[in-house]
Amino acid sequence: METAKGTDLPDLLEHLGYTVRRLGSRYHTTREMDSLRIKDRRTWKRYSNGTGGDAITFLQEFCGKDFLEAVNYLLEFNGGRARDSPIPHPKPVQKKEKPVFTLPIAHADQRRVFAYLQKRGISAQVIRGFIDSGLLYEDSLHHNCVFVGREASGRPVFASKRGTYDLNGSGFKGDAVGSDKNVAFRLPCDPALDWVAVFEAPIDLMSFCTLHRQVRSNAVALCGLYQGPLDTYLRENSHLKRIVLCLDADGPGREATEKFQAEYAEKGYTVSARAPAQGKDWNEYLLQRGRTRERGK
């Protein structure tokens, strides 16, 4: 099992007929699946669908082998006695009609959204600015915060919902049906600026805007760690040269920062990282900073 799991994935994929290329010092990808990332030559993850694992799971996922067949093949491959390579054949995907995107019905006022976001430390001025820009409102059914993602023309194509009630733990989070994840949540791009700041969540973006009131444009919230929204923003704004990664300071955030730095540097961008001085993300830092100031009074 250790031999099978420890298979060198770039070597295996080249053996299977994939075109493998390096991304930085720790990552590889393939021309055939550009959302695939191989880390340290031993583990893989496909960011387009969230699957991942080791060499065994790769053969199961992309070559149609069951567990025993995959292990036996890898033992022979590592022993130099591999038979003809299995032809990769991903599981057939049934075409589903994409659901039509519609924004949740808006509530008559934004009272609960205001109260919730102010409790999270975000300034009233920043909240009002997002509402007035058509990027934020309160839905009528559940009183969620609705963060609206708009494509370049201004048409809404994405909505991330965040519950305003979280006394018993983390509140509700979810995207509206039919949301375009390749747009996600973003601020307009100022053609006079050559940079874009990248966050994981809309609330982190708003927290950063509260800390840095001069930031009113050139920012993207991925609503996770899928890089599609950043790729779309860069493609739509070809004058951008610099990327500032403001992802979370936890394990997944650091790993994604390292991966993005390598990948976008290879594409010719100047990439830097900016982490909060305290806490795991920008909202946590904003709240801790506020409590520190309260104690200092």
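The sections below set out a description of the structure shown in this document.

Some points on the sheet that holds strand β6 (residues 136–138)
So, point 1. In spatial order, the strands read β6-β7-β8-β9; together these four strands make up an open sheet with antiparallel pairing. For this open sheet the edge positions go to β6 and β9 (173–175), each flanked by a neighbour on one side alone. Pairwise comparison of adjacent strand axes, ignoring direction, gives a mean angle of 25 degrees for this sheet.
So, point 2. Sheet topology note: the strand β8 (residues 156–162)/β9 ladder contains three bridges and is antiparallel. When the bridges of β9 are listed, arginine 162 appears paired with lysine 173.
So, point 3. Across the face of the sheet, helix α5 (residues 111–119) comes into contact with β6, β7 (145–150) and β8 while running at roughly 115 degrees to β6.

Regarding helix α9 (residues 251–266)
Residues that lie three or four places apart on an α-helix share one face, since the helix turns once every 3.6 residues.
So, point 1. Compared with an ideal rise of 1.5 Å per residue, which puts 16 residues at 22 Å, α9 spans 23 Å between its outermost C-alpha atoms and is within 8% of the ideal.
So, point 2. Packing partners of the buried residues in α9 comprise β1 (20–23), β2 (27–30), β3 (36–39), α8 (228–236), β13 (242–245) and β14 (270–273).
So, point 3. Where α9 begins, one side-chain oxygen reaches toward the backbone nitrogen of glycine 253, 2.9 Å away; that side chain belongs to aspartate 250.

So, the layout of surface pockets
So, point 1. Its volume calculated, the largest pocket comes out at about 460 Å³.
So, point 2. In terms of lining, the largest pocket is formed by 21 residues, of which the most central are Arg162, Lys173, Ala201, Ile203 and Asp204.
So, point 3. Listed by contribution, the elements that provide at least two residues to the lining of the largest pocket are β8, β9, α7 (202–211) and α10 (282–296).
So, point 4. Of the residues that constitute the lining of the largest pocket, the class distribution is five nonpolar, five polar and 11 charged.

Side note on the state of the cysteines
Defined simply, a disulfide is a covalent bond joining two cysteines at their sulfur atoms.
So, point 1. Counted according to the given criterion, the structure contains zero disulfides.
So, point 2. A disulfide-free cysteine, cysteine 209 has its sulfur positioned 10 Å from the sulfur of cysteine 246, the nearest such atom.

Considerations on the pairing of β7
So, point 1. Most of β7 is tucked away: five of the six residues are buried.
So, point 2. Where β6 and β7 come together, three bridges link them in antiparallel fashion. Within the sheet, the bridge partner assigned to tyrosine 137 lies in β7 and is valine 146.

So, the sheet that holds β1
So, point 1. The five strands are arranged β1-β2-β3-β4-β5 in an open sheet whose pairing can be described as antiparallel. Looking at which strands have only one partner, the edges of the open sheet turn out to be β1 and β5 (51–53). Across the sheet, the mean angle from the axis of one strand to that of its neighbour is 20 degrees, orientation sign disregarded.
So, point 2. Of the strand pairs in this sheet, β1 and β2 are connected by four bridges, and their pairing is antiparallel. Paired with valine 20 across the bridge in β2 is threonine 30.
So, point 3. Relative to strand β4 (residues 43–46), helix α3 (residues 55–62) is tilted by about 35 degrees, and along the sheet it contacts β3, β4 and β5.
So, point 4. Its contacts with the sheet put α9 on β1, β2 and β3, and the angle it makes with β1 is roughly 110 degrees.

Here's the deal with the nonpolar core
So, point 1. Ranked by internal contacts, the top residues of the largest apolar core, which has 32 residues, are Leu117, Phe130, Leu136, Leu205 and Met206.
So, point 2. Looking at this core, the elements that each hand over two or more residues are α5, α6 (124–132), β7, β11 (195–199), α7, β12 (219–221) and α10.
So, point 3. Of the residues forming this core, the biggest block, six residues, is contributed by α7.
So, point 4. Non-local contacts of leucine 205, meaning those with residues more than four positions away in its chain, are made with Phe130, Phe185, Leu187, Phe199, Ala219, Val220 and Ala221.
So, point 5. By size, the runner-up hydrophobic cluster in this structure holds 22 residues, among which are Ile56, Val71, Tyr73 and Phe77.

Rules of the game
- Residues numbered from 1 in each chain as written.
- Predicted model: local features only at pLDDT ≥ 70, side-chain atom pairs only at ≥ 80, totals over all residues.
- Heavy atoms only, no water.
- Pairing = 2+ DSSP bridges.
- Helix = DSSP H or I, 4+ residues; strand = E, 2+ residues; numbered from the N terminus.
- Axes fitted to C-alpha atoms, helices over the stretch in contact; angles between N-to-C directions.
- Contact = heavy atoms within 4.5 Å.
- Expected span 1.5 Å × (residues − 1).
- Polar contact = N/O pair within 3.5 Å; in protein donor to acceptor, adjacent residues only side chain to side chain.
- 1 Å grid on protein atoms, 1.4 Å probe; cavity = no way out; pocket = protein on both sides within 12 Å on 5 of 7 lines; lining within 4 Å.
- Points joined across faces, edges and corners; volume = space filled by probe spheres on them.
- Nonpolar A, V, L, I, M, F, W, Y, C, P; charged D, E, K, R; others polar.
- Disulfide = S-S within 2.5 Å.
- Buried < 20%, exposed > 50% of the residue type's maximum accessible area, 1.4 Å probe, protein only.
- Core = buried A, V, L, I, M, F, W, Y, C linked by side-chain atoms within 4.5 Å.

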